[in-house]
Structure formats: C-alpha cells, structure tokens
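Given next are the chains, with one letter for each unit.
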Amino acid sequence: MKVTVDELVCEANAVCMGLAPDVFEVDDDDQLHILLPEPPPEMRDRVRHAVRSCPKAALSLEE
C-alpha cells in the first residue's frame, strides 16, 4: 500500500491526522505531510479509513 496526497486539492483539514496520526501530520504552515507513505500492515485499516474520510478527497491509495 502507498499513500499519496494531491497538494492542489488538500486543504489541511487534519481529518486524516486525527484518524491516523502516525501516518499523517499537518504542520504549522497548514501543509500535510505523509510520515509513512507505505504504512505497515497493522496500520492499513486506519489509513484506508482516513483516506475515505478526507473531506476534499485529496488522498489516494495504491494497493
């Protein structure tokens, strides 16, 4: 699994960070950073949920 963000669409709402803080981080400049672009198996369900929950659909997964 690989997680990516479309930076032109992302509004840094931090929904993903709230659901999977080990994978997503929004910095003080409201920029989203993917800390683990290829999350380990035990995090994948949370990451899928975070991607589906993005209000702007800015996140995507390659499985």
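Residues numbered from 1 in each chain as written. Predicted model: local features only at pLDDT ≥ 70, side-chain atom pairs only at ≥ 80, totals over all residues. Heavy atoms only, no water.

Draft legend 1. Fine view of the environment of Lys 2. Topologically, Lys 2 is positioned in strand S1 (residues 2-5). Spatially, the C-alpha atoms of Lys 2 and Ala 12 are 19 Å apart, while their sequence positions differ by 10 residues. Not counting chain neighbours up to four residues away, the residues in contact with Lys 2 comprise Pro 37, Glu 38, Ser 60, Leu 61 and Glu 62. (Helix = DSSP H or I, 4+ residues; strand = E, 2+ residues; numbered from the N terminus. Contact = heavy atoms within 4.5 Å.)

Draft legend 2. Local environment of the nonpolar core. The biggest cluster of nonpolar side chains holds 16 residues, and the ones touching the most others in it are Cys 16, Val 23, Phe 24, Leu 32, Val 47 and Leu 59. Among the elements of the structure, strand S2 (24-26) and helix H2 (44-53) are those that each provide at least two residues to this core. Per-element accounting of this core gives the leading share, 3 residues, to H2. Once residues within four sequence positions are removed from consideration, Val 47 is found in contact with Met 1, Val 3, Val 23, Phe 24, Pro 39 and Leu 61. (Core = buried A, V, L, I, M, F, W, Y, C linked by side-chain atoms within 4.5 Å. Buried < 20%, exposed > 50% of the residue type's maximum accessible area, 1.4 Å probe, protein only.)

Draft legend 3. Geometry of a negative patch on the surface. On the surface, Glu 25, Asp 28, Asp 29 and Asp 30 cluster together into a negatively charged patch. The residue Glu 25 is located in strand S2 in this model. (Patch = residues over 30% accessible without salt bridge, like charges linked within 9 Å, V, L, I, M, F, W, Y side chains within 5 Å. Areas by Shrake-Rupley, 256 points an atom, 1.4 Å probe, with all protein chains shown as cover. Salt bridge = Lys/Arg side-chain N within 4 Å of Asp/Glu carboxyl O. Lys, Arg positive; Asp, Glu negative; His and termini not counted. Charge placed at Lys NZ, Arg CZ, Asp CG, Glu CD.)

Draft legend 4. Representation of the pattern of salt bridges. Tallying each qualifying case throughout the model produces 3 salt bridges. Between Lys 56 and Glu 11 there is a salt bridge whose closest N-O contact spans 3.7 Å. Of the two residues, Lys 56 sits in the loop between H2 and strand S4 (59-62) while Glu 11 sits in the loop between S1 and helix H1 (15-19), which places them 45 residues apart along the sequence. Exposure remark for Glu 11: the relative accessible area of 49% places this residue in the partly exposed category.

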